[in-house]
Amino acid sequence: MQTTDRQPETHAWRRGLEPKIGLSGKLLLLTIPLILIAEILIYVPSIANYRLNRLNDRLAAANTAALVLDASPSGRVPDSLAKQILDSIEARAVAIKMGQQRRLLASSDLPTKVDHVVDMRHVTPWGAILDSFVVMLESGNPAIRVIGPAEGNAEFIEVVIDAAPLRNAMYRFSSNLLLVSLTITSLTTALIYLALHFLFVRPMRRLTANMVNFRRDPESPASIVVPGPRGDEIGLAERELSDMQRDLVSMLHQKSRLAALGLAVSKINHDLRNLLASSQLLSDQLSSVPDPRVQRFAPKLVRSLERAIAFCQSTLSYGRAQEAAPDRRSILIEPLVNDVRETAGLADEAAITWVSAIERGLTIDADPDQLFRVLLNLVRNAAQALEILPRGDANPLQIRITGRREGSVTVLEVSDTGPGVPQKARDHLFEAFHGSVRAGGSGLGLAIAAELVRAHGGEINLVEGTIGATFRISIPDRPVDLHSLRNERARA
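Basis of the calculations
- Residues numbered from 1 in each chain as written.
- Predicted model: local features only at pLDDT ≥ 70, side-chain atom pairs only at ≥ 80, totals over all residues.
- Heavy atoms only, no water.
- Helix = DSSP H or I, 4+ residues; strand = E, 2+ residues; numbered from the N terminus.
- Buried < 20%, exposed > 50% of the residue type's maximum accessible area, 1.4 Å probe, protein only.
- Contact = heavy atoms within 4.5 Å.
- Areas by Shrake-Rupley, 256 points an atom, 1.4 Å probe, with all protein chains shown as cover.
- Phe/Tyr/Trp six-rings, centres within 6.5 Å; stacked < 30°, edge-to-face > 60°.
- Salt bridge = Lys/Arg side-chain N within 4 Å of Asp/Glu carboxyl O.
- Patch = residues over 30% accessible without salt bridge, like charges linked within 9 Å, V, L, I, M, F, W, Y side chains within 5 Å.
- Expected span 1.5 Å × (residues − 1).
- Pairing = 2+ DSSP bridges.
- Axes fitted to C-alpha atoms, helices over the stretch in contact; angles between N-to-C directions.
- Parallel < 35°, antiparallel > 145°, perpendicular 65-115°, else oblique.
- Left-handed = near helix turned anticlockwise from the far one by under 90°.
- Arc of directions from axis to C-beta.
- Core = buried A, V, L, I, M, F, W, Y, C linked by side-chain atoms within 4.5 Å.

Student: Would you explain the overall build of the chain in this entry?
Tutor: Helices and strands together make up the secondary structure of the chain, namely 13 helices and 12 strands. Looking at the 492 residues of the chain, the share that counts as buried comes to 35%. Residue pairs in contact within the chain that sit at least 24 positions apart in sequence constitute 68% of those at least 6 positions apart. Working note: accessible area of the chain is about 30100 Å², and carbon and sulfur atoms make up 57% of it.

Now the structure itself:
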């Protein structure tokens with residue numbers, strides 16, 4: 001009931017975290033201020049430049065009018081002609097300065113005061129922008145005195161114009177510029193939005209939907225994302241997500257198989273221990289029989305039953321918990337190897353030849369029961385690999401165990417003359433349910449052997465370039481505490 005009650009709360013909590021605005025909406029909201037910023041960046045310098053161009057046009061027209069006015073024989077022109085010239089250049093007065101003298105060439109309805117003075121010879125970009133908005137925002141028809149370079153020997157030319165016509169022209173230019181720029185910017189933004197939508201938003205939606213579906217059923221291979229042919233970061237994300245999902249599905253299947261295996265073993269564990277205990281009682285009674293042959297084999301039978309009971313006790317340890325810490329001590333390797341041979345059923349009359357090349361008196365610092373399990377798993381794998389080979393002199397069936405010391409490290413090698421380890425099994429050699437070298441195998445033997453060796457601080461590897469398969473086990477001795485050793489010797 002607790003789990004059932006929590007599920008709606010969890011789903012409601014997740015619904016509360018769902019985004020109210022998707023990536024497309026956020027992209028659109030981000031695009032709008034970008035359009036406004038682009039419009040401002042385009043409009044501000046454009047309107048300032050338009051105002052300067054208009055004033056330069058007035059100065060150019062004033063220079064032309066000054067040539068006409070200055071060319072008069074009497075130096076003066078009729079008022080009607082002067083008014084026509086001033087109307088044509090949209091000015092109220094034109095003056096020119098030559099040397100120390102300022103000469104008014106023509107005037108018509110001069111204002112009582114000049115509101116603004118613009119010297120075109122000394123204009124800054126920031127000043128031009130500010131002056132443009134001053135003209136557009138003020139009301140009425142103030143007079144503007146414009147000063148600029150003159151033609152010929154004159155120092156400068158002055159022209160007085162009205163601000164209203166300039167303002168109206170700037171308004172018309174602004175409306176046309178905003179219309180054109182808005183059209184261009186909107187089209188560009190729409191293209192960018194569509195490009196980003198199809199290139200990024202849709203693939204991200206696809207990845208997000210796949211993650212949601214995969215979470216609902218993580219053990220289904222159908223929910224694994226199929227990566228596209230893209231070579232950019234999104235394509236890389238799709239491929240990495242696909243690989244991660246495949247690994248996770250495989251891991252979940254492995255965990256399910258381990259759980260099923262643990263459940264099956266736990267069902268037979270109780271009855272099997274009872275049967276083994278009964279067999280142990282019978283073997284104890286058998287050891288009291290005075291027959292020499294019985295006395296010879298009875299201790300081995302008792303020892304095998306003790307190991308079987310111990311294995312039964314720890315059967316579930318691989319799938320449920322870590323192996324127990326090794327009870328290490330210095331032991332002789334050769335008797336242990338002989339026990340492995342007898343337990344594996346490789347007697348002298350067996351079809352598989354047994355070769356033992358252990359250095360005389362070689363010892364190892366290890367847990368005897370765990371090392372026995374390691375060697376037994378490797379020997380049984382070797383025997384099973386040899387059983388599938390055809391019998392004949394051309395195919396000698398042989399299992400060889402060698403042992404030697406390399407400084408403080410004991411090295412054991414288990415090799416056979418079988419077909420070797422296929423490449424498919426090499427990739428996951430020491431992983432449960434992946435590293436089996438034969439059809440129908442689970443790969444648990446090598447996985448357990450690797451776990452036990454690593455618990456001793458050692459290594460187990462497949463030796464390359466050998467006939468058949470050769471596994472090398474390297475187990476270092478434990479570091480010696482000199483202080484404790486000296487105390488023990490002193491007590492002795």
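Student: Please explain the packing of aromatic side chains as it appears in this structure.
Tutor: By convention here, two paired aromatic rings are described through the distance between centres and the angle between planes. Taken as a whole and judged by the stated rule, the model has 2 aromatic pairs. Between the aromatic rings of Tyr-43 and Phe-133, the centroid separation amounts to 6.4 Å while the plane-to-plane angle is 70°, which identifies the pairing as edge-to-face. Separated by 90 residues along the polypeptide, Tyr-43 in helix α2 (residues 23–70) and Phe-133 in helix α4 (residues 125–137) bring together distant segments of the chain. The partly exposed category is assigned to Phe-133, whose relative accessible area is 28%.

Student: Just to check I follow, could you spell out the pattern of salt bridges for this structure?
Tutor: It is possible for side chains of opposite charge to pair when their charged atoms get near one another. In the structure shown here, the tally under the stated rule is 14 salt bridges. Put simply, Glu-413 and Arg-404 hold a salt bridge, and the shortest N to O gap is 3.7 Å. According to the relative accessible area criterion, Glu-413 is buried, its value standing at 14%. The partner of Glu-413 in a salt bridge is Arg-472, and the shortest N-O contact between them spans 2.6 Å. With Glu-413 in strand β10 (residues 409–416) and Arg-472 in strand β12 (residues 470–476), this pair connects stretches of sequence that are 59 residues apart. Residues joined in a network through salt bridges with shared partners are Arg-404, Glu-406, Glu-413 and Arg-472.

Student: What is the right way to read a nonpolar patch on the surface from this model?
Tutor: Nonpolar side chains collect at one region of the surface, where Leu-28, Leu-29, Ile-32 and Leu-36 lie side by side and expose about 380 Å² of accessible area between them. Structurally, the position occupied by Leu-29 is in helix α2.

Student: Teacher, can you tell me more about helix α12 (residues 444–455) here?
Tutor: An α-helix turns once per 3.6 residues; consequently, residues spaced three or four apart project the same way. The terminal C-alpha atoms of α12, which comprises 12 residues, lie 16 Å apart, in line with the 16 Å expected from a rise of 1.5 Å per residue. Most of α12 is tucked away, with 10 of its 12 residues classed as buried. Along α12, the residues that are buried comprise Leu-444, Gly-445, Leu-446, Ala-447, Ile-448, Ala-449, Ala-450, Glu-451, Leu-452 and Val-453. Within two residues after α12, Gly-457 carries a phi angle of roughly 75°, on the positive side.

Student: Would you take a moment to explain the pairing of β12 for this structure?
Tutor: Looking along a regular strand, one sees the side chains alternate between the two faces of the sheet. Within β12, 5 of the 7 residues are buried, which leaves the element mostly enclosed by the surrounding structure. Relative to β12, β10 runs antiparallel, the two sharing 7 bridges. Bridge assignment links Val-414 to a residue of β12, and that residue is Phe-471. Sheet topology places strand β11 (residues 459–462) next to β12; 4 bridges connect them, and they run antiparallel. Among the inter-strand pairings, Asn-461 is bridged to a residue of β12, identified as Arg-472.

Student: So what exactly am I meant to see when it comes to the sheet that holds strand β5 (residues 156–162) here?
Tutor: In any sheet, the strands associate via hydrogen bonds between backbone groups, in a parallel or an antiparallel arrangement. Taken in spatial order, the 5 strands line up as β2-β1-β5-β4-β3 in an open sheet, and their pairing is mixed. In this open sheet, the two edge strands, each paired with only one partner strand, are β2 (101–107) and β3 (116–119). Each adjacent strand pair in this sheet contributes to an overall mean axis angle of 20°, direction not counted. Two elements, β3 and strand β4 (residues 143–148), share 4 bridges in a ladder whose sense is parallel. Across the sheet, residue His-116 finds its bridge partner in β4, namely Ile-144. Where helix α5 (residues 163–216) meets the sheet, it contacts β4 and β5, and its direction lies at approximately 75° from that of β5.

Student: Please clarify how the packing of helix α9 (residues 333–343) against helix α10 (residues 368–387) should be interpreted in this entry.
Tutor: When two helices pack together, you describe them by how their axes are tilted relative to each other and by the distance separating the axes. Look at α9 against α10: their axes get within 9 Å of each other, and the N-to-C directions meet at 45°. By the criterion of interaxial angle, the relationship of α9 to α10 is oblique. Crossing hand, α9 versus α10: right-handed. Taking contact as the criterion, the partners of Leu-336, Val-337, Asp-339, Val-340 and Thr-343 in α9 are, on α10, Pro-368, Leu-371, Phe-372, Leu-375, Leu-376, Val-379 and Arg-380.

Student: Can you help me understand the environment of Ile-234 in this one?
Tutor: Relative to the helices and strands, Ile-234 is located in helix α6 (residues 233–286). A relative accessible area of 10% places Ile-234 in the buried class. Excluding residues that lie within four positions of it along the chain, Ile-234 makes contacts with Leu-199, Phe-200 and Pro-203.

Student: Got a minute to help me understand α9 in this structure?
Tutor: Of the residues making up α9, those classed as buried are Ile-333, Leu-336, Val-337, Val-340 and Arg-341. The buried side chains of α9 occupy one side of the element, clustering within an arc of 145° when seen end-on. Looking one or two residues beyond α9, the residue adopting positive phi is Gly-345, at roughly 75°.

Student: Would you mind showing me how to read the nonpolar core here?
Tutor: The nonpolar side chains of a soluble globular protein tend to be buried, and buried together. Ranked by internal contacts, the top residues of the largest apolar core, which has 42 residues, are Leu-371, Leu-375, Ile-399 and Ile-473. Other than its neighbours up to four places away in sequence, Ile-473 contacts Val-374, Leu-375, Leu-378, Thr-410, Val-411, Leu-412, Val-453, Glu-459 and Ile-460. One finds Ile-47, Ala-91, Met-120 and Ile-129 within the second-largest nonpolar core, a separate group that totals 40 residues.

Student: I keep staring at the side chain of Gln-245 and nothing clicks. Help me out?
Tutor: By the secondary structure assignment, Gln-245 is in helix α6. Non-local contacts of Gln-245, meaning those with residues more than four positions away in its chain, are made with Asn-210, Phe-214, Ser-223, Ile-224 and Val-225.

Student: I tried to follow the sheet that holds strand β7 (residues 353–358) on my own but got confused; where do I start?
Tutor: Strand order in the open sheet formed by 5 strands is β7-β9-β10-β12-β11, and the pairing between neighbours is mixed. What marks the edges here is a single partner per strand, and that holds for β7 and β11. Sheet twist, expressed as the mean angle between neighbouring strand axes with direction ignored, is 10°. Against the sheet, α10 touches β7, β9 (398–406), β10, β11 and β12, its axis set at about 20° to β10.

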